[in-house]
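Letter by letter, the chains look like this.
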Amino acid sequence: MAKSKREFGEGPIYTITNYIFWFFLGNTYFLLLNIPLVFILLVLFSNGTKALPPGFVSIIVICCIPIAPAATALLSVMGKLIREKDIKLTHDFFKAYKANFFQSIFFGCLEIIIFCILIIDIRYLISNSYPRILIISVLIIIAFTFSVSLFVFPIISRFYLSTKDILKTAAYYTIRKFNITILNLSSFIIIGFIFFKVHTFVLVFMSSIICYLLMYYQQKILLEIEENLKENS
């Protein structure tokens, strides 16, 4: 009898149910911590708004600030799930949120500022008919900055490093592990495409799926960083 209970508790259906619950709950916490942004996006999608009212872009930018600490916390629990196959999601999520809040907010705001400057540059270049090569160059910088950020936040979620070390390490692996960089970006593109096609359903799991994939792709990189830190300590 004990054996049958154990098999029931550790069977594939039980495991799948747990993962669905963890993905759903983690995504729910992420959305709750970004309620203003979620509300604005849902209003825009439901109304089919094409031209944003004056000043609305600034509101969206401000509402994007809480994304970074929430994403870092979700990356942390997804990374732990990959490593240990089990988590106490609520406890682990908010513990990571608190521990990494200020550093993730800093990098999140830095990324937002860089994107805003680059987008303004692109609009200026287009409106003044500058050579296309300049516009492409700025787009490449945006793509590289975003790619680096997809390494920055997983590193923050796992290690306590200085701002300088995080940037250096993230930039290094963005270039060195270019295949992982492509996988990271592809995950966003594919999930984003699915979201626009069936956004109501995907929204329930979207953030958790993306964070799980990022931590899954980078698990060997994070292990390598951990081993290097142990050697240098």
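A brief structural summary. (Residues numbered from 1 in each chain as written. Predicted model: local features only at pLDDT ≥ 70, side-chain atom pairs only at ≥ 80, totals over all residues. Heavy atoms only, no water.)

## Describing the nonpolar core
Core analysis: the biggest nonpolar cluster contains 47 residues, and M78, V152 and I155 have the highest contact counts within it. Elements represented by at least two residues in this core include exactly α2 (12–32), α5 (67–84), α6 (89–99), α8 (132–158), α9 (163–176), α10 (178–197), α12 (206–217) and α13 (219–232). Considering each element in turn, this core owes the most residues, ten residues, to α5. Among residues more than four places away in sequence, those in contact with I155 are L161, I166, T169, A170, L222 and I225. (Core = buried A, V, L, I, M, F, W, Y, C linked by side-chain atoms within 4.5 Å. Buried < 20%, exposed > 50% of the residue type's maximum accessible area, 1.4 Å probe, protein only. Helix = DSSP H or I, 4+ residues; strand = E, 2+ residues; numbered from the N terminus. Contact = heavy atoms within 4.5 Å.)

## Thoughts on the layout of surface pockets
Roughly 1700 Å³ of volume is contained in the largest pocket. Here the lining of the largest pocket gets eight residues from one element, more than from any other, and that element is helix α7 (residues 101–127). Of the pockets and cavities examined, the second largest pocket occupies roughly 340 Å³. What lines the second largest pocket is a set of 17 residues, and nearest its centre among them are S76, K95, A96, S157 and Y160. Going through the elements one at a time, α5, α6 and α8 are the ones with two or more residues in the lining of the second largest pocket. Considered class by class, the residues forming the lining of the second largest pocket number eight nonpolar, four polar and five charged. (1 Å grid on protein atoms, 1.4 Å probe; cavity = no way out; pocket = protein on both sides within 12 Å on 5 of 7 lines; lining within 4 Å. Points joined across faces, edges and corners; volume = space filled by probe spheres on them. Nonpolar A, V, L, I, M, F, W, Y, C, P; charged D, E, K, R; others polar.)

## Some points on a nonpolar patch on the surface
A cluster of nonpolar side chains, contributed by Y124, Y130, I133, L134, I136 and I140, occupies part of the molecular surface with about 580 Å² of accessible area. Here the nonpolar patch gets four residues from one element, more than from any other, and that element is α8. Topologically, I140 is positioned in helix α8. Under the relative-accessibility criterion, I140 is labelled exposed at 54%. (Patch = residues over 30% accessible without salt bridge, like charges linked within 9 Å, V, L, I, M, F, W, Y side chains within 5 Å. Areas by Shrake-Rupley, 256 points an atom, 1.4 Å probe, with all protein chains shown as cover. Salt bridge = Lys/Arg side-chain N within 4 Å of Asp/Glu carboxyl O.)

## Considerations on the environment of Y216
Looking at the element boundaries, Y216 is found in helix α12. Between the C-alpha atom of Y216 and that of L81, which follows or precedes it by 135 residues, the distance is 9.8 Å.

## Some details on the packing of aromatic side chains
A complete count under the given rule lists 16 aromatic pairs for this structure. Note on Y216 and Y217: the rings are 6.4 Å apart at their centroids and 65 degrees apart in plane angle, and the pair reads as edge-to-face. Linked through ring pairs, Y19, W22, F23, Y212, Y216 and Y217 together constitute an aromatic cluster. (Phe/Tyr/Trp six-rings, centres within 6.5 Å; stacked < 30°, edge-to-face > 60°.)

## Describing the packing of α5 against α7
At their nearest, the axes of α5 and α7 sit 7 Å apart, and the two run at 125 degrees to each other. Looking at the two axes, α5 sits oblique to α7. Pair α5 / α7 crosses with right-handed handedness. Listed contacts from α7 to A68, P69 and T72 of α5 are F101, S104, I105 and G108. Residues of the contact of α5 with α7, tallied by class, amount to four nonpolar, three polar and no charged. (Axes fitted to C-alpha atoms, helices over the stretch in contact; angles between N-to-C directions. Parallel < 35°, antiparallel > 145°, perpendicular 65-115°, else oblique. Left-handed = near helix turned anticlockwise from the far one by under 90°.)

## Details of the side chain of E111
Position of E111 among the secondary structure elements: in helix α7. Here E111 occupies a buried position and makes no salt bridge, while the nearest side chain of opposite charge, R123, is found at 19 Å. (Lys, Arg positive; Asp, Glu negative; His and termini not counted.)

## Concerning the pattern of salt bridges
Applying the stated criterion across every chain yields a total of four salt bridges. A salt bridge links K80 to D92; the nearest nitrogen and oxygen atoms lie 3.1 Å apart. Residue K80 is located in helix α5, and its partner D92 is located in helix α6; the two are separated by twelve residues in the primary sequence. In this structure, K230 engages E226 in a salt bridge whose closest nitrogen and oxygen atoms are separated by 3.6 Å. Of the two residues, K230 and E226 both sit in helix α13, four residues apart, roughly one turn of that helix. For K230, a relative accessible area of 58% gives the class exposed. In this structure E226 comes out as partly exposed when scored by relative accessible area, which is 23%. In the salt-bridge network here, residues are joined through shared partners; they are R158, E226 and K230.

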